[in-house]
Amino acid sequence: MSIDELTFDAAGLIPAVVQQHDTREVLMVGWMDAEAVRRTAATGRSTFWSRSRQEYWVKGETSGHRQHVKEILVDCDADTLLVLVDQEGPACHTGTRSCFEHGTIEVSA
């Protein structure tokens, strides 16, 4: 699949779920535009678009907690990416391994 075949939202972004390649642990979710997807594929380093700062950022560029991209999978609607990585250190900016360690919503069903 080519980047041109992806479905981006009205802001030109696509969600990218980042997962540890060998354990399948979900680490984080980021946003990419077409250029961020291109940079990620070309460099093997996760590159995202910051919606708050309106600029590109490479995971681990300042923290050293790099993501070495192994594969980029596209979902059935081509509107979500699954980025399989080898994570160095914590993935979350709070210092935890995963961004999904900060609470749960109780399911009563």
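Thresholds applied
- Residues numbered from 1 in each chain as written.
- Predicted model: local features only at pLDDT ≥ 70, side-chain atom pairs only at ≥ 80, totals over all residues.
- Heavy atoms only, no water.
- UniProt positions renumbered as here; feature names shortened; annotations may be inferred.
- Core = buried A, V, L, I, M, F, W, Y, C linked by side-chain atoms within 4.5 Å.
- Buried < 20%, exposed > 50% of the residue type's maximum accessible area, 1.4 Å probe, protein only.
- Helix = DSSP H or I, 4+ residues; strand = E, 2+ residues; numbered from the N terminus.
- Contact = heavy atoms within 4.5 Å.

Per an unreviewed UniProt entry, the chain goes by the name Phosphoribosyl-AMP cyclohydrolase and belongs to Kribbella albertanoniae. For the chain, the Function (unreviewed entry) comment in UniProt is given as "Catalyzes the hydrolysis of the adenine ring of phosphoribosyl-AMP." The chain has a UniProt comment under Subcellular location (unreviewed entry) that states "Cytoplasm".

Caption draft 1: View of the nonpolar core. By size, the foremost hydrophobic cluster in this structure holds 15 residues, and its most contacted members are Val18, Met32, Leu81 and Val83. Counting residues per element, the ones that place at least two in this core are strand S1 (14-20), strand S2 (26-32), helix H1 (34-43) and strand S6 (81-87). Setting aside residues up to four positions removed in sequence, Val18 forms contacts with Glu25, Val26, Leu27, Met28, Phe48, Gln67, Val83 and Val85.

Caption draft 2: Summary view of the UniProt feature "domain: Phosphoribosyl-AMP cyclohydrolase" (unreviewed entry) in the chain. The feature "domain: Phosphoribosyl-AMP cyclohydrolase" (unreviewed entry), as annotated in UniProt, sits at residues 28-101 in this numbering. The span residues 28-101 is 14% helical and 38% strand by assignment, and the distance between its end C-alpha atoms comes to 10 Å.

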